[in-house]
Amino acid sequence: MQASRTGPSDGAASFPDILRDAGLYALVALGLCIPIVSFRTELSQNSALDLVPRWGLVAGLCAAVFVVRVLQRLVLARRDARKALTPSAHQATEAVHGEPNAGQRVSRLAVPVFVGFALGLPLIAVLATGGLSQSRYWIDLGILILTYVMLGWGLNIVVGLAGLLDLGYVAFYAVGAYAYALLSTTFGLSFWVCLPLAGLFAALWGMLLGFPVLRLRGDYLAIVTLAFGEIIRLVLINWVDLTGGAAGISSIPRATFFGIPFTAGDDGFAARFGLTFDSMHRNVFLYYLILALALLTNAVTLRLRRLPIGRAWEALREDEIACRSLGINTTTTKLTAFALGAMFGGFAGSFFAVRQGFISPESFNFLESAIILAIVVLGGMGSQVGVAVAAIAMVGGPEMLRNLGFLKAIFGEGFDPSEYRLLLFGLAMVAMMVWRPRGLISVRVPSVALKERRAIAGSLVREGHG
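Scoring rules and cut-offs
Residues numbered from 1 in each chain as written. Predicted model: local features only at pLDDT ≥ 70, side-chain atom pairs only at ≥ 80, totals over all residues. Heavy atoms only, no water. UniProt positions renumbered as here; feature names shortened; annotations may be inferred. Helix = DSSP H or I, 4+ residues; strand = E, 2+ residues; numbered from the N terminus. Buried < 20%, exposed > 50% of the residue type's maximum accessible area, 1.4 Å probe, protein only. Contact = heavy atoms within 4.5 Å. Salt bridge = Lys/Arg side-chain N within 4 Å of Asp/Glu carboxyl O. Phe/Tyr/Trp six-rings, centres within 6.5 Å; stacked < 30°, edge-to-face > 60°. Axes fitted to C-alpha atoms, helices over the stretch in contact; angles between N-to-C directions. Parallel < 35°, antiparallel > 145°, perpendicular 65-115°, else oblique. Left-handed = near helix turned anticlockwise from the far one by under 90°. Expected span 1.5 Å × (residues − 1). Polar contact = N/O pair within 3.5 Å; in protein donor to acceptor, adjacent residues only side chain to side chain. Pairing = 2+ DSSP bridges. pLDDT = per-residue confidence, 0-100.

- Going by the annotation in an unreviewed UniProt entry, the name recorded for the chain is High-affinity branched-chain amino acid ABC transporter permease LivM, with Methylobacterium planeticum given as the source organism.
- For the record of the chain, the UniProt heading Subcellular location (unreviewed entry) holds the text "Cell membrane".

This is the structure:
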């Protein structure tokens, strides 16, 4: 359909043409909604299925498609008109708009703001809800978001810095979780002993994955890593004697505050520090534990980017052939990226096991890998701040929508945003490909600079350049 093509001609398109194009999109949306959304089956009192029409929802979705398409055409027309008046950056003798814009300057303040807010979140939740027990939901939500932030930062080493597309990252997450569960339940080791061991086991598996895929790139690498993730999940299901099979492992020992358990006894955390016992003390401890692990992941990643191995990762991402021509050992570079990324995934898996107290193979399916990869891509590959923002939006967003009462008045009492998570992922991906093809944070700051460090603006960054 010619109307779906967007390009320089959009700048000269009249408003009636834009409305006509948006109307076509709305008609297509109507055709898709009629067999999928227009009716909903409900179980009646006599155990029969009744078809409940939802034409209001269909009309709302079609109207939303119409409005979004109009806005998209207007934004693209304005962008193309601005590009027509701006000389090409590749033809100019000096960088055009090379200085970071206001949004990129603000992103420099995002890390201290994020850390400050994360440190004060339990206190803010307690003050807002009126008590420690009442703040349980928000603290648990913070733990969930920080877990995905840590996983996103770990995968960012492999995908964002080294440019190796990994669709099986959840396998290392599972290795870390099962390593802690088996070591703690079988040998009685504490969490603080099992945590580094889980990371080492996951790093070992990362290197084992790296050896067979040294010569693979692009789609072939993605297929092999996807198969690796599924192989690990199937092994966990079928190796019943070791992993418990589909039933998983339960009664996993809880983490202690350096040997002090969170119990109501005289030797518990509350009694040792003169506090009134509250089961939320453990949740607050777990929150700050995952926050510390996430900040450790971020600090190590930022430090490695400035070292020779970090610069080798970025060279490998830009052009592997040129990387080899410079004498860089691509084998070592790839293996270190897989191993370090897997190690942080193992740390996160160990924390997941100690928080849940129960793990099973169903917790480590391909959807988890897709979520983590979507966080990295949407945030901006190689951008630590962008990954954190994307994790907050994609993990916390559905939870926030669940608490908005007016959405149930629009979509019905049974509306649950978590059921539409994949739809939201798809819409977010399409929107990012159109407006921000390099992610939310598209600015690149060189790892090594001569005399002056200057950020490369997103307007000068293209795939394979900049």
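That shown, we press on.
**Considering unusual backbone geometry**
Phase 1 of the analysis: With phi around 55°, Ser251 is a residue other than glycine that occupies positive phi space.
Phase 2 of the analysis: With respect to the helices and strands, the residue Ser251 is situated in the loop between helix H9 (240-243) and helix H10 (269-272).

**Quick look at the environment of Phe277**
Phase 1 of the analysis: Take Phe277: it is sitting in the loop between H10 and helix H11 (280-306).
Phase 2 of the analysis: On the basis of relative accessible area, Phe277 is assigned to the partly exposed category, the value being 41%.
Phase 3 of the analysis: Along the backbone, Phe277 and Ala264 are 13 residues apart, and their C-alpha atoms lie at a distance of 5.9 Å.
Phase 4 of the analysis: Sequence-distant contacts of Phe277, defined by excluding residues within four places in its chain, comprise Phe262, Thr263, Ala264 and Ala270.

**Things to note about the pattern of salt bridges**
Phase 1 of the analysis: By the definition in use, this model includes nine salt bridges.
Phase 2 of the analysis: Between Arg69 and Asp21 there is a salt bridge whose closest N-O contact spans 2.6 Å. With Arg69 in helix H2 (residues 55-84) and Asp21 in helix H1 (residues 15-36), this residue pair connects regions lying 48 residues apart in the sequence. No difference in accessibility class separates Arg69 from Asp21, as the two residues are buried.
Phase 3 of the analysis: One salt bridge connects Glu230 with Arg233, and the closest N-O pair in it is separated by 2.9 Å. Of this pair, Glu230 and Arg233 both sit in helix H8 (residues 218-238), three residues apart, which is roughly one turn of the helix.
Phase 4 of the analysis: Through salt bridges with shared partners, a single ionic network connects Asp21, Arg69 and Arg73.

**Section: the packing of aromatic side chains**
Phase 1 of the analysis: Going through the model one piece at a time under the given rule, you end up with 23 aromatic pairs.
Phase 2 of the analysis: Measuring from ring centre to ring centre gives 6.4 Å for Trp205 and Phe228, while their planes differ by 45°; the resulting arrangement is tilted. Of this pair, Trp205 sits in helix H7 (residues 191-210) while Phe228 is found in helix H8, placing the two residues 23 residues apart along the sequence.
Phase 3 of the analysis: Since its relative accessible area comes to 12%, Phe228 is described here as buried.

**Focus: the packing of helix H6 (residues 170-187) against helix H14 (residues 330-356)**
Phase 1 of the analysis: The geometry of H6 relative to H14 is characterised by a closest axis approach of 6 Å and an angle of 50° between their N-to-C directions. Our classification of the angle between H6 and H14 gives oblique. Taken as a pair, H6 and H14 cross one another with a handedness that is right-handed. Taking contact as the criterion, the partners of Phe172, Tyr173, Gly176, Ala177 and Tyr180 in H6 are, on H14, Ala342, Gly345, Gly346, Ala348, Gly349, Ser350, Phe352, Ala353 and Val354.

**A look at the environment of Met394**
Phase 1 of the analysis: Mapped onto the fold, Met394 is located in helix H16 (residues 384-402).
Phase 2 of the analysis: Look at Met394 and you get buried, because its relative accessible area is 9%.
Phase 3 of the analysis: For the pair Met394 and Ile375, spaced 19 residues apart in the sequence, the C-alpha separation amounts to 7.2 Å.

**Considerations on helix H5 (residues 136-161)**
Phase 1 of the analysis: Compared with an ideal rise of 1.5 Å per residue, which puts 26 residues at 38 Å, H5 spans 36 Å between its outermost C-alpha atoms and is within 8% of the ideal.
Phase 2 of the analysis: Counting buried positions along H5 gives 22 out of 26 residues, so the element sits mostly inside the fold.
Phase 3 of the analysis: Backbone geometry just after H5 places Gly163 at a positive phi near 70°.

**Here we look at H7**
Each turn of an α-helix holds 3.6 residues, which means side chains three or four residues apart point in the same direction.
Phase 1 of the analysis: Helix length check: H7, at 20 residues, gives a terminal C-alpha distance of 28 Å against a target of 28 Å (1.5 Å per residue), a fit within 8%.
Phase 2 of the analysis: Turning to H7, its buried residues number three or more, namely Phe191, Cys194, Leu195, Ala198, Gly199, Ala202, Ala203, Gly206, Leu209 and Gly210.
Phase 3 of the analysis: The inward-facing, buried residues of H7 contact H6, H8, H11 and H14.

**Remarks on the side chain of Ser38**
Phase 1 of the analysis: Examined against the element boundaries, Ser38 turns out to sit in the loop between H1 and strand E1 (39-43).
Phase 2 of the analysis: Assessed through its relative accessible area of 0%, Ser38 is described here as buried.
Phase 3 of the analysis: At 2.2 Å, the side chain of Ser38 and the backbone oxygen of Ile34 are in polar contact.
Phase 4 of the analysis: Sequence-distant contacts of Ser38, defined by excluding residues within four places in its chain, comprise Cys33, Val52, Pro53, Arg54, Trp55 and Val58.

**A word on the pairing of strand E2 (residues 49-53)**
Phase 1 of the analysis: As paired elements, E1 and E2 share five bridges and run antiparallel to each other. Its bridge partner lying in E2, Leu43 is registered against Leu49.
Phase 2 of the analysis: Between the antiparallel neighbours E1 and E2 lie five residues, among them Ser47 with a positive phi of about 60°.

**With respect to the confidence of the model for the chain**
Phase 1 of the analysis: Chain-level statistics for the chain give a pLDDT mean of 81 and a share of 82% at 70 or above.
Phase 2 of the analysis: Every residue in residues 1-11 is under pLDDT 50, and counting partners more than four places away or in other chains gives 19 contacts.

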